[in-house]
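Architecture at a glance
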Amino acid sequence: MGCQSSHPSAIPELDEIMLETGFSQASVVRLYDRFQALDKEQKGYLSKYDLQGIGELAVNPLGDRIINAFFKEGEDLTDFRSFIRVLAHFRPVEEGKSNETGRPEPMNSRLRKLQFAFQLYDQDSDGKISRDEMLQVLRLMVGIQVTDEQLVCIAERTIQEADQDGDGAISFEEFATSVEKLNVEQRMSLRLLK
Ligand SMILES: [Ca+2]
Ligand SMILES: [Ca+2]
């Protein structure tokens, strides 16, 4: 046991999952095995505690927030379908593969990746990144070598630079514009899936 991978037929809703997430069958099987390995008590669900067993998240400064994104409001368990749906945001974009018409927006599109990143900042889900929310993320991202005062300055400057309508917060549109120069697709393609 342990090394043997699951048979595709063991995976519920395999076709729907492939269509929805864009993962190949081999990737879904691999992630299903990973899911089962994390699910130590074979509950069929993962808790936040189980997800902390993902090494890549344990070392990510935003790991806790990413883990929270696996759970719907008020729920503390995630099934395989919800699990893989979140991971789909991190699926690397395939070069030169254009979106077929009539298919839903792929979960790893730039827009979806940006929305996912935005919600990691916007913890109260009011559609805006406030100064405090920016400060909290900066606090997680930078080490203790930066003083609180410096952090407040950085947070304010970051808001000012992105804030086009002058309301003191960053809307999703402002966020999308300000990160335009960054290669979000690549940055959000974590090697989570290896
Ligand atoms: Ca907010
Ligand atoms: Ca604004």
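The paragraphs below set out a description of the structure included in this document. Just so it is clear, the structure is predicted and the values come from calculations on it, not from any experiment.

**Observations concerning the environment of Arg112**
When you line up the elements, Arg112 lands in helix H7 (residues 110-121). Sequence separation between Arg112 and His89 is 23 residues; the distance between their C-alpha atoms is 6.8 Å. For Arg112, the contacting residues outside a window of four places in its chain are His89, Glu105, Pro106 and Met107.

**With respect to the coordination of the calcium ion (ligand 1)**
In the first shell of the calcium ion (ligand 1), the protein supplies Asp122 (OD), Asp124 (OD), Asp126 (OD), Lys128 (O), Glu133 (OE) and Glu133 (OE), at 2.2 to 2.6 Å from the metal. Each donor residue of the calcium ion (ligand 1) lies on the same chain, and together they follow the pattern D-x1-D-x1-D-x1-K-x4-E. Given a relative accessible area of 48%, Asp126 falls into the partly exposed group. Judged by its relative accessible area of 35%, Lys128 falls in the partly exposed class.

**Quick look at the coordination of the calcium ion (ligand 2)**
Ideal values differ by geometry: the angle at a metal is 109.5 degrees with four tetrahedral donors, but 90 or 180 degrees with six octahedral donors. Coordination sphere of the calcium ion (ligand 2), protein contribution only: Asp163 (OD), Asp165 (OD), Asp167 (OD), Ala169 (O), Glu174 (OE) and Glu174 (OE), at 2.3 to 2.6 Å. Around the calcium ion (ligand 2), the 6 donor atoms sit at angles spanning 52 to 155 degrees, and that spread fits a shape best called irregular. One chain supplies every donor to the calcium ion (ligand 2), and in sequence these donors are spaced D-x1-D-x1-D-x1-A-x4-E. Given a relative accessible area of 3%, Glu174 falls into the buried group.

**A look at helix H8 (residues 131-141)**
All buried positions along H8 are accounted for by Glu133, Met134, Leu135, Val137 and Leu138. Looking at the buried residues of H8, the elements they touch are helix H5 (63-68), H7, strand E3 (128-129), helix H9 (148-162) and strand E4 (170-171).

**Some details on unusual backbone geometry**
Backbone geometry at Glu13 places phi at a positive 60 degrees, although glycine is not the residue there. The exposure class of Glu13 is partly exposed, given its relative accessible area of 41%. For Gln42, which is not a glycine, the phi torsion comes out positive at approximately 50 degrees. Turning to its location among the elements, Gln42 is positioned in the loop between helix H2 (25-38) and strand E1 (46-47).

**Observations regarding the packing of aromatic side chains**
Under the defined criterion, the tally for this structure stands at 9 aromatic pairs. Ring centres of Phe35 and Phe80 lie 5.4 Å apart, and the angle between their planes is 75 degrees; this geometry places the pair in the edge-to-face category. With Phe35 in helix H2 and Phe80 in helix H6 (residues 80-87), this residue pair connects regions lying 45 residues apart in the sequence. For the residue pair Phe35 and Phe80, the accessibility class agrees, reading buried in each case. Ring centres of Phe118 and Phe172 lie 5.4 Å apart, and the angle between their planes is 85 degrees; this geometry places the pair in the edge-to-face category. With Phe118 in helix H7 and Phe172 in helix H10 (residues 172-178), this residue pair connects regions lying 54 residues apart in the sequence. Relative accessible area serves as the criterion here: at 6%, Phe118 is assigned to the buried category. Overall, the relative accessible area of 18% leaves Phe172 in the buried class. Aromatic rings pair up to connect Tyr32, Phe35, Phe70, Phe80 and Phe83 into one cluster.

**Some points on the pattern of salt bridges**
If you walk through the whole model with that rule in mind, you get 9 salt bridges. Here Arg81 makes a salt bridge to Glu20, at a shortest N to O gap of 3.2 Å. With Arg81 in helix H6 and Glu20 in helix H1 (residues 14-21), the pair connects residues that are 61 residues apart, well separated along the chain. Residue Arg81 is classed as buried on the basis of its relative accessible area of 18%. Ionic pairing is found between Arg85 and Glu20, a salt bridge with its closest N-O pair at 2.9 Å. Placement of the pair is Arg85 in helix H6 and Glu20 in helix H1, with a sequence separation of 65 residues. According to the relative accessible area criterion, Glu20 is partly exposed, its value standing at 25%.

Calculation criteria
Residues numbered from 1 in each chain as written. Chains lettered and ligands numbered in written order. Predicted model: local features only at pLDDT ≥ 70, side-chain atom pairs only at ≥ 80, totals over all residues. Heavy atoms only, no water. Helix = DSSP H or I, 4+ residues; strand = E, 2+ residues; numbered from the N terminus. Contact = heavy atoms within 4.5 Å. Donors = N, O, S within 2.8 Å, 3.2 Å for Na, K, Ca; no water. Buried < 20%, exposed > 50% of the residue type's maximum accessible area, 1.4 Å probe, protein only. Tetrahedral: all angles 85-135°; square planar, octahedral: opposite > 155°, others 65-115°. Phe/Tyr/Trp six-rings, centres within 6.5 Å; stacked < 30°, edge-to-face > 60°. Salt bridge = Lys/Arg side-chain N within 4 Å of Asp/Glu carboxyl O.

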